[in-house]
Amino acid sequence: MGRGKSSNKKKKLNKQKQLLNAEAEGSKVPRSFIFHRGKIGKSIETLIQDMRKVMSPYTALKLQERKSNSLKDFLSIAPQYNVSHFMIFNQTEKGTNMRLLKVPQGPSITFRVISFSLMKDIANVSKKSHSPGGELLTPPLLVMNNFNTMSTSSMDQNSMKIKAAMLQSLFPALDLDTIKVNNCKRVVLFNYHANTETIEFRHYIIVLKATGVHKVVKKMKTKIVDDVNMKIGALEMMGDIA
């Protein structure tokens, strides 16, 4: 009987340790709220829904917004869900803005959205469209390109470092020791264009294809996977206009 009680205690302690470790790991993972402020058009509403899918699984997909909600309301509930970032869209006479805010103490960066394509737009022009499902259960891999481009101004260099750090902090760090290839199903790309001083954002789903097999067998093996081909293209953002 004594052994049984001691083994049960050890099991309980192990479970408690696992829960504590899970909570600790959960608090380290970047989590986000994506919402809007003020009046916006239907296309921006859809863009927000698309961006929530991109940021899955560590974002609130069904976050409810009300006109009466203030920024303080979101800040007050953020700690309950270990939220570390806000992505806030708004529209003015000059265009659409996207503000990234690291909570609770900042910093914040505001980008001007020059143009964007929605998921449904990409699906309409694609030969084979696919509604993302299981791919959203794991976070995307992050690729950042041209952010080390040298600038003549030290102020521009510091500004670029802040922008790059903010964008990078939106996504979980990649652990090469624990990562599983099967979980690598999406890619997010931020590509900086020095000539126009814009950042191009793209979201891809990784497509697996069989090679070195007969064409008929290849079709059988990749019938489902070939339908997985989606991207959000050309969400371009200009420098900090906060």
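Nothing here was measured: the structure is a model prediction, and the numbers come from that model. Per chain, residues are indexed from 1 in the order of the written sequence. Reporting in this predicted model follows two pLDDT cut-offs: at least 70 for local features of residues, and 80 or more for side-chain atom pairs to be given and counted; totals over whole chains, interfaces and linings ignore these cut-offs and use all residues. Calculation of side-chain values draws on the structure's entire complement of heavy atoms; hydrogens and water are dropped beforehand.

As for the nonpolar core
The nonpolar side chains of a soluble globular protein tend to be buried with one another. Side-chain atoms within 4.5 Å are what join buried Ala, Val, Leu, Ile, Met, Phe, Trp, Tyr and Cys residues into a set we call a nonpolar core. Exposure classes here rest on a 1.4 Å probe applied to the protein chains alone. A residue is buried below 20% of its type maximum, exposed above 50%, and partly exposed in between. With 29 residues, the main nonpolar core has Met87, Phe89, Leu100, Phe147 and Phe190 as its most contacted residues. Going through the elements one at a time, α2 (42–54), β2 (85–92), β3 (95–102), β4 (108–113), α5 (154–168), β6 (186–193) and β7 (198–205) are the ones with two or more residues in this core. Numbering goes from the N terminus for both helices and strands, where a helix is a DSSP run of H or I of at least four residues and a strand is a run of E of at least two. Counting residues per element, this core draws most heavily on α2, at five residues. Residue contacts follow a heavy-atom distance rule, with two residues in contact if any of their heavy atoms lie within 4.5 Å. Residues in contact with Leu100, not counting those within four places in the same chain, are Phe86, Met87, Pro107, Ser108, Ile109, Phe111, Met166, Leu167 and Leu170. One finds Phe33, Leu63, Ala78 and Val103 within the second-largest nonpolar core, a separate group that totals 10 residues.

Remarks on the side chain of His203
Here His203 lies in strand β7. Given the relative accessible area of 0%, His203 is considered buried. Two N or O atoms count as a polar contact when they lie within 3.5 Å, although within protein this holds only if one can serve as hydrogen donor and the other as acceptor, and sequence-adjacent residues are included solely when both atoms are side-chain atoms. Within the structure, His203 has its side chain in polar contact with the side chain of Arg186 (distance 3.1 Å).

Topic: the pairing of β3
Any two strands are treated as partners once DSSP identifies two or more bridges connecting them. Where β2 meets β3, eight bridges bridge the pair, whose relative direction is antiparallel. Following the sheet pairing, Phe89 is matched in β3 by Met98. Linking β2 back to β3 in an antiparallel pair, the connection comprises two residues. Relative to β4, β3 runs antiparallel, the two sharing six bridges. Paired with Thr96 across the bridge in β4 is Val113. Adjacent in sequence and paired antiparallel, β3 and β4 are bridged by five residues, among which Gly106 carries a positive phi angle near 90°.

What to know about the environment of Tyr192
By secondary structure assignment, the location of Tyr192 is in strand β6. In this structure Tyr192 comes out as buried when scored by relative accessible area, which is 13%. A C-alpha to C-alpha distance of 9.2 Å links Tyr192 and Asn148, two positions 44 residues apart in sequence.

As for empty space enclosed by the protein
Both site types are read off a 1 Å grid over the protein atoms alone. A 1.4 Å probe that fits but cannot get out defines a cavity, while an open set with protein on both sides within 12 Å along at least five of seven lines defines a pocket; lining residues have an atom within 4 Å of a point. Grid points are joined across faces, edges and corners, and a volume is the space filled by probe spheres set on the points. Taken as a whole, this structure holds two cavities of 30 Å³ or more when the rule is applied. Looking at the second largest cavity, the residues that line it are Pro30, Met55, Tyr58, Pro139, Pro140, Leu170, Phe171 and Pro172.

Here's the deal with the layout of surface pockets
Taken as a whole, the largest pocket encloses approximately 690 Å³ of empty space. Along the walls of the largest pocket sit 22 residues, with Pro139, Pro172, Ala173, Leu174 and Asp175 positioned nearest its centre. Contributions of two or more residues to the lining of the largest pocket are made by α1 (2–28) and β5 (141–145). Ranked by residue count, the leading element in the lining of the largest pocket is β5, at three residues. For the lining of the largest pocket, the per-class residue count stands at 14 nonpolar, four polar and four charged. Amino acids outside the nonpolar list (Ala, Val, Leu, Ile, Met, Phe, Trp, Tyr, Cys, Pro) and the charged list (Asp, Glu, Lys, Arg) are all regarded as polar, and Gly is one of them.

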